[in-house]
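Residue strings, one per chain:
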Amino acid sequence: MTAAASDTGPDAGVISKSVTPGVTAPSVGTAPSGDDVSDEVGTEAAGDVVDPSDATPENPRDAWLRPFESTSIWNVAIGSGADYVPAGFTSTPRQLLEESTLMKTSAEDPLREILRVGSWRERCASTERSGLDMHLPDGWVPPPVTENETPNNPGVFLQPDGRTIYNLNVLARCDEAGPLHAQWLDDEILISDIYGDGRLGAHGGSGLNQLGGAIRPGELSGESPISHALDLLVSAEHLYWGGTKESSYRWPAVTSDGYASASTYRGANPNVVMGSLVALPPDATAESLGVDTDVGHRLVEAFRDYGAYITDDSGWDATYLGVDAEAVGTFPWGDDERADMATIVVELQVIANNGPATVGGGGTPRQPPLPALIPPAETTVNNQSE
């Protein structure tokens, strides 16, 4: 077990991921064993599909499908000044998908209160009020906790003003017309602006946002390449502790797991910490790596051109890609695709000089910046309840 269980409530504002002793199923992610995901592509793409036609002449980029400022950490490609150092990842037996609920809400959706989650397993047990409401459709519930499954259940909810997003984690709803139980790092991170920098959110292991790096519908099945950094969860076995909390994460992360310690973060490479930007070398190609699938080709391009931020501990011997739940089933993720992902992971290197003044390592980016977002003329920051 790579992460300590936390069944009695949050630890310093962050609830731990856990693997139940004696149970071989994961506590995070979408497939009980990593072997039950179909090789078949869904016949219809669910939800919004990333497509340039969604933009308008007035605003050439759809803020929901490709959010945040052009200078956001998620939107800046790896630069020519990047300093690559080996990450030293070994092959993991499971390459899985962590599903996030990414939801656009409507003014017709009722206001529902947000309550603090009770504990990792008894998520609806708490009645601790946040004093905050948000629009949420009745009838919607996140995946439940079971004996063998305790998913992270991250979520980002765009409010009817088209701008305000709520960044939450450990979602639970035991009454489909009731409040939402959730976890978040602090109130300043809970609510943010889809037209902002997109750096922070509700990833418990890093404080980074779930929306910016999530694979969206169409990105692994359509014609357009992925044009953003990815969201990557790795085992704590690879993460470096370094003796202090501050040495266990780096910018753009603002924290590491609440249970981070020498006994849980057991990696030997000081460059591999929460918030590290990892990427394939600039000369990597699908052919040179022996990657064969269409999905693998797209991932090679994304990992080479934009990289991925380490956002969380996977909780067991597995690597996860953050993905919009609506995208699951729109691309194949079978044995061949998972094998390609495993090949990519062992070739990843850390961009050692990624920082606020040198996002992606600085220099000339491998891909041009995205078109600027044009915020709406008026913004309503909604829903603070008394």
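Residues numbered from 1 in each chain as written. Predicted model: local features only at pLDDT ≥ 70, side-chain atom pairs only at ≥ 80, totals over all residues. Heavy atoms only, no water.

### As for unusual backbone geometry
Piece 1. In the segment running from Trp251 into Pro252, the intervening peptide bond is cis, with an omega of 10 degrees.
Piece 2. Note on placement: Pro252 falls in the loop between β9 (230–234) and β10 (277–279).
Piece 3. One non-glycine residue with positive phi stands out, namely Phe68, at about 80 degrees.
Piece 4. Positive phi, close to 55 degrees, is recorded for Val170, a residue that is not glycine.
Piece 5. The residue Val170 is located in strand β6 (residues 164–172) in this model. (Helix = DSSP H or I, 4+ residues; strand = E, 2+ residues; numbered from the N terminus.)

### A closer look at helix α4 (residues 335–346)
Piece 1. When the terminal C-alpha atoms of α4 are compared, their 17 Å separation across 12 residues agrees well with the 16 Å that a helix rising 1.5 Å per residue should span.
Piece 2. Among all positions in α4, only Glu337, Arg338, Asp340, Met341, Ala342, Ile344 and Val345 are buried.
Piece 3. Looking at the buried positions of α4, the neighbouring elements they touch are β2 (95–104), β9, α3 (294–305) and β12 (319–324). (Expected span 1.5 Å × (residues − 1). Buried < 20%, exposed > 50% of the residue type's maximum accessible area, 1.4 Å probe, protein only. Contact = heavy atoms within 4.5 Å.)

### Brief notes about the environment of Glu287
Piece 1. Relative to the elements of secondary structure, Glu287 occurs in helix α2 (residues 286–289).
Piece 2. According to the relative accessible area criterion, Glu287 is exposed, its value standing at 60%.
Piece 3. In sequence terms Glu287 and Val300 are 13 residues apart; their C-alpha atoms lie 9.9 Å from each other.

### Section: the pairing of strand β5 (residues 155–158)
Piece 1. Here β5 shows a buried face lined by Gly155 and Phe157 and a second buried face lined by Val156 and Leu158.
Piece 2. Sheet analysis places β5 next to β6, joined by four bridges and oriented antiparallel. Across the sheet, Phe157 pairs through a bridge with Tyr166, a residue of β6.
Piece 3. The turn linking β5 back onto β6 is made up of five residues, and Gly162 within it adopts a positive phi angle of 75 degrees. (Pairing = 2+ DSSP bridges.)

### Some thoughts on the environment of Leu171
Piece 1. Tracing the backbone shows Leu171 in strand β6.
Piece 2. Residue Leu171 is classed as buried on the basis of its relative accessible area of 1%.
Piece 3. Considering only alpha carbons, one finds Leu171 and Gln183, 12 residues apart in sequence, at a separation of 7.2 Å.

### A look at the side chain of Asn209
Piece 1. Along the chain, Asn209 falls in the loop between β8 (191–193) and β9.
Piece 2. Judged by its relative accessible area of 0%, Asn209 is buried.
Piece 3. Separated by 2.7 Å, the side chain of Asn209 and the backbone nitrogen of Leu211 make a polar contact.
Piece 4. Other than its neighbours up to four places away in sequence, Asn209 contacts Phe68, Trp74, Val156, Ile165, Asn167, Ser192, Gly198, Arg199, Leu200, Gly201, His203 and Asp231. (Polar contact = N/O pair within 3.5 Å; in protein donor to acceptor, adjacent residues only side chain to side chain.)

### Looking at the pattern of salt bridges
Piece 1. Taken as a whole and assessed by the stated rule, the structure comprises 10 salt bridges.
Piece 2. Of the charged contacts, one joins Asp138 and Arg173 as a salt bridge, the two residues approaching to 3.4 Å between their closest N and O atoms. One end of the pair, Asp138, is in the loop between β4 (129–135) and β5; the other, Arg173, is in the loop between β6 and β7 (180–183), and 35 residues separate them in sequence.
Piece 3. Classification of Asp138 as partly exposed rests on a relative accessible area of 38%.
Piece 4. Between Asp305 and Arg366 there is a salt bridge; the shortest N-O distance is 2.8 Å. Residue Asp305 is found in helix α3, and its partner Arg366 is found in the segment after β13 (349–351); the two are separated by 61 residues along the sequence.
Piece 5. Each of Arg112, Asp138 and Arg173 takes part in salt bridges that share partners, so that together they form one network. (Salt bridge = Lys/Arg side-chain N within 4 Å of Asp/Glu carboxyl O.)

### Points about the packing of α3 against α4
Piece 1. It is at 9 Å that the axes of α3 and α4 come closest, and there the two elements cross at 25 degrees. Comparing the axis directions of α3 and α4 gives the class roughly parallel. The two elements α3 and α4 cross, and the hand of that crossing is right-handed. Contact residues: Val295, Gly296, Leu299, Val300 and Phe303 in α3; Glu337, Asp340, Met341 and Ile344 in α4.
Piece 2. The residue makeup of the contact of α3 with α4, split by class, is six nonpolar, one polar and two charged. (Axes fitted to C-alpha atoms, helices over the stretch in contact; angles between N-to-C directions. Parallel < 35°, antiparallel > 145°, perpendicular 65-115°, else oblique. Left-handed = near helix turned anticlockwise from the far one by under 90°. Nonpolar A, V, L, I, M, F, W, Y, C, P; charged D, E, K, R; others polar.)

### A look at the pairing of β9
Piece 1. Within β9, five of the five residues are buried, leaving the element largely enclosed by the surrounding structure.
Piece 2. Where β9 meets strand β11 (residues 308–313), five bridges bridge the pair, whose relative direction is parallel. Within β11, the position partnered with Asp231 by the bridge is Tyr309.
Piece 3. Sheet topology note: the β9/β12 ladder contains two bridges and is antiparallel. Bridge pairing in β12 links Leu232 to Leu321.

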